[in-house]
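Descriptive structure summary
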Amino acid sequence: MLLSLLLLVSVLAGLSVFLASQERTLHRIVLTGSTLVGILALFVGISALPTTPHLFGGGWWYVDPFAALLIILIGFIQWTATLTSIPYLHEEMHEGVVTWAQARMYYLLLQLFVFSMLLTVISNNIGLMWVALEGTTLATTLLVAFYTREGSLEAAWKYILICSVGITLGILGLLLVVYASQQGGLSIGHALTWTALGAAASTFPPALMRWAFVFIFIGYGAKVGLVPMHTWLPDAHGRTPSPISAMLSGVLLNVALFAILRYKSLVDASLGSAVWTQRFFLFFGALSFLLPIAFVIIQRNYKRLLAYSSIEHMGLIVFAIGLGAPGMIAAVIHIVGHALAKSLLFFGTGNILLRWKSTKIEHVGAVMQVLPRTGTLFLLGVLALLALPPSPLFLSEYLIVSAAFAHHPVLILVLLLGGVLIFGGMINLLMPLLYTKREGVESPVSSEPWNLSHTAMTLHVLALIGVGVFCLTPFARTLIADMVSYLL
Amino acid sequence: MFNLPSSYLLLNALAGAMLLLSFLIVGRVRLASMLTWFRAQSVLLALYAFISAVALSEKQLLITALLTLVLKAWFVPRLLLRTAKQSGATERMPVYLRPTIAVVLAGALAFLAFTLTRSLLSPLADSYLIVGVSISMLLLGLFLLIVQRGMYGQMVGFLLMENGIFTFGLALTGGMPLFVELGIFFDVVVGSILMAALSYRVQAVHETVTTDRLRELVD
């Protein structure tokens, strides 16, 4: 009931933009809608977090604790992204870069994007989940092409084409799963649900399930941004308005990963062991962690830098999942930490971009001096992303390393070396951005008034510290261990 | 899967014709003729869904057939042609390969598709031919996506892939529940509209729709 209400509210929050006739009312309506979605999502998510998987809404919705966690993340980050969008779009409209109609379209698409992510996460029907996941691509394509500049169109084209082709391969996998379930004795009308498939998965023919998983992993993996299907990601995340980049990098990648995990447990049940699927996760995870290093180090564009860092973090998460239960606990913590830290940083890039009008690192300098509030919060985000305690990423990376040492000592040493390179690369690029006064770069000196984007960023910093401390408690340990046990 | 021997024969004939049409699509250089063959293929796909509906006595497949006819044989191709005309894109599709070489490679891909199918189904199974054809369509669609330099050509590749997936679903599982089918149609149509809109804007900015000009975003 509450879940259906949540979906309804998010659609209404999107459509309500048409009630507004001027900027002030638009922002009031948008903020109200987003706050309602946020409150509902937090309520639904937190109440479903410490329970066993449940069916809701007459069997249409299926929420396990991991799905509940994603609902919380979607609910929270869509709210902070809306908070950030308000001053961002205000400034862009003031400067005449964005028209009134575009601003309305922006908020409409934002909520449709939230709606399709929520639908993906809670659908019990695998077909509906597929439709919703493709819906996330469609809702965000016009946001990627939001600025009608050359690069934005290129990014949007790559985005829609690669993700749609990926997801089309995904449906091939889906159909093979359905076929396998028919071989296992399920009838199509009633057995297209996760619950029915999960209960019968051990009777599905393994050969078919293997084929299905290959297509699912390649297809949905493109949406997770796994190397070598990642080429669209730096473009799309780099060109989108910053608050949307935050949601693409922070939340959407995890939603796509969630879909793969659901299929993984079916395939594992059919094969009788997780070893076969884990090999995929280990290989593509390590590849996606290592390849972006080169692009991080040579990067000259700070938004693309963050986008490559997202590929690398998703790689680490996927790698951790390949390590089995202990790794998956780390992966869950890493997902939360990365989502909060990365979206915080993208919020910060919005303010930097508005001030310097460029995403090139060499065109920006002394952010700390010009935008002291944004700069400080951005710095905290960088430190959190680089896994300095009490960031949750410190705990998760520690857990990944200790889980991997037993079985893959050489591989984890290579990854650690890569981690050092990324650490150095990020510091090397971002610290001058924050502190160095560059010659020839105009640093406008004026005070930076506190606005909603700073509130959003502060909330993310507090959430990061809160999650980091919370994860150390015994209660959190059992909570996450339970969550992972339903994913296996 | 089907008990009626006459419908079985007819389905295999349809499958053969759909494969032939895929080759014709790959071998064309003008958007209008590519789309003509694509329309013909969609009509056959609709017919296939219709026959399945009768043979399996599944009423909802009739809706699938109708939607395929309306959306894939009429609406989407028409949308593409109109956008191409209005934006003043060139008639001839820029391709990386000569049409003859493309068709030869397409033949090799179809062979690969049937090799794949053999690992999935026994060649004696009723649906062997149609599943093989559907995977061929999928691979040929991917092939078009790679060799076509223009946005419209790439869109045709994507649509051919979609037709392949639809055929595959029909042949293997006898179709999805109605609301899922509707959702998939919705996604395909919205996706096509978005792609058409993007190519229109690119034409306006660059005065060409070859993706050669889309080379700004590289590291």
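Please read all numbers here as calculations on a predicted model, not as lab measurements.

What chain A contains, in helices and strands, is 20 helices and two strands. Against the compact-globule benchmark of 23 Å for 488 residues, chain A has a radius of gyration of 22 Å, which places it among compact chains. If you line up chain A on its principal axes, its C-alpha atoms span 70 × 55 × 45 Å. Burial status across chain A gives 60% buried among its 488 residues. Partitioning the contacts of chain A with sequence separation of at least 6, the portion at a separation of at least 24 is 79%.

What follows deals with the overall build of chain B. A count of helical and extended segments in chain B gives seven helices and zero strands. Element order for chain B, N to C, with α for helix and β for strand: α-α-α-α-α-α-α. In terms of overall dimensions, chain B has a C-alpha envelope of 55 × 35 × 35 Å along the principal axes. The proportion of buried residues among the 219 residues of chain B is 47%. Sequence separation of at least 24 residues holds for 72% of the intrachain contacts in chain B that already meet a minimum separation of 6.

Here we take up the confidence of the model for chain B. Should pLDDT be low for a region, the predicted coordinates there are not to be read in detail. All names here are of chain B. For chain B, per-residue confidence averages 88 on the pLDDT scale, and residues scoring 70 or more make up 93% of the total. The least confident element of chain B is helix H7 (residues 178-206), whose mean pLDDT is 87; the most confident is helix H5 (residues 128-147), at 94. Confidence estimates for the predicted assembly give a pTM of 0.94 and an ipTM of 0.91.

The interface of chain A with chain B comprises 35 residues on the first partner and 31 residues on the second. If one sorts the elements of the side of chain A that touches chain B by residue count, helix H6 (residues 150-183) of chain A sits on top with 18 residues. In terms of residue class, the side of chain A that touches chain B is made up of 22 nonpolar, nine polar and four charged.

On to the packing of helix H16 (residues 372-385) of chain A against helix H18 (residues 409-435) of chain A, then. All names here are of chain A. Look at H16 against H18: their axes get within 11 Å of each other, and the N-to-C directions meet at 170°. With respect to their mutual orientation, H16 and H18 come out roughly antiparallel. Along its contact with H16, which presents Gly 375, Phe 378, Leu 379 and Val 382, the element H18 presents Met 426, Leu 430 and Leu 434. Its residues assigned to classes, the contact of H16 with H18 comprises six nonpolar, one polar and no charged.

What follows covers the packing of helix H2 (residues 31-56) of chain B against helix H3 (residues 60-87) of chain B. Residue and element names in this part refer to chain B. With their axes 7 Å apart at the nearest point, H2 and H3 run at an angle of 170° to one another. Between H2 and H3, the angle falls in the class roughly antiparallel. Here the residues of the contact of H2 with H3 are counted per class, giving 20 nonpolar, four polar and two charged.

Turning our attention to the environment of Ala 256 of chain A. All names here are of chain A. Following the sequence through the fold, Ala 256 ends up in helix H10 (residues 242-271). Taking the C-beta count within 10 Å as the criterion, Ala 256 has 26 such neighbours and is therefore assigned buried. For the pair Ala 256 and Tyr 107, spaced 149 residues apart in sequence, the C-alpha to C-alpha distance is 22 Å. With residues near it in sequence (within four places) discarded, Ala 256 still touches Leu 133, Tyr 220, Lys 223 and Val 224.

With that settled, consider helix H17 (residues 392-405) of chain A. Residue and element names in this part refer to chain A. Relative to the 20 Å expected for 14 residues at 1.5 Å per residue, H17 spans 20 Å between its end C-alpha atoms, a close match to the ideal helical length. Those residues of H17 that fall on the buried side of the exposure criterion are Pro 392, Leu 393, Leu 395, Ser 396, Glu 397, Leu 399, Ile 400, Ala 403 and Ala 404. Looking at the buried side of H17, the elements it contacts are helix H13 (302-321), helix H14 (325-356), H16, H18 and helix H19 (452-470).

With 23 residues, helix H4 (residues 100-122) of chain A extends 34 Å from end C-alpha to end C-alpha; this agrees with the ideal 33 Å at 1.5 Å per step. Here H4 of chain A lies mainly inside the structure; 17 of its 23 residues are buried.

What follows covers the environment of Ala 196 of chain B. Residues and elements named next belong to chain B. The topology assignment puts Ala 196 in helix H7. By the C-beta count within 10 Å, which is 21 here, Ala 196 ends up buried. Each C-alpha atom of the pair Ala 196 and Leu 24 lies 23 Å from the other, and the pair is 172 residues apart in sequence.

On to unusual backbone geometry, then. For the bond running from Val 227 of chain A to Pro 228 of chain A, omega is 5°, close enough to zero to count as cis. The topology assignment puts Pro 228 of chain A in the loop between helix H8 (206-224) and helix H9 (232-239). Look at the link from Pro 389 of chain A to Pro 390 of chain A: it is a cis peptide, with omega at 10°. With respect to the helices, strands and loops of the structure, Pro 390 of chain A is situated in the loop between H16 and H17. Positive phi outside glycine occurs at Ala 366 of chain A, with the angle close to 50°. Mapped onto the elements of the fold, Ala 366 of chain A is located in the loop between H14 and helix H15 (367-370). A tally of 18 C-beta atoms within 10 Å means that Ala 366 of chain A is categorised as partly exposed. Here Ser 57 of chain B, not a glycine, exhibits a phi torsion of approximately 40°, which is positive. Within the secondary structure, Ser 57 of chain B is located in the loop between H2 and H3. With 8 C-beta atoms packed within 10 Å, Ser 57 of chain B lands in the exposed category.

Structurally, Arg 355 of chain A is set in helix H14. Between the C-alpha atom of Arg 355 of chain A and that of Ala 212 of chain A, which follows or precedes it by 143 residues, the distance is 48 Å.

Conventions we followed
- Residues numbered from 1 in each chain as written.
- Chains lettered and ligands numbered in written order.
- Predicted model: local features only at pLDDT ≥ 70, side-chain atom pairs only at ≥ 80, totals over all residues.
- Helix = DSSP H or I, 4+ residues; strand = E, 2+ residues; numbered from the N terminus.
- Rg over C-alpha atoms; globule rule 2.2 N^0.38 Å.
- Buried ≥ 20, exposed ≤ 12 C-beta atoms within 10 Å, placed from the backbone.
- Contact = placed C-beta atoms within 7 Å.
- pLDDT = per-residue confidence, 0-100.
- Nonpolar A, V, L, I, M, F, W, Y, C, P; charged D, E, K, R; others polar.
- Axes fitted to C-alpha atoms, helices over the stretch in contact; angles between N-to-C directions.
- Parallel < 35°, antiparallel > 145°, perpendicular 65-115°, else oblique.
- Expected span 1.5 Å × (residues − 1).

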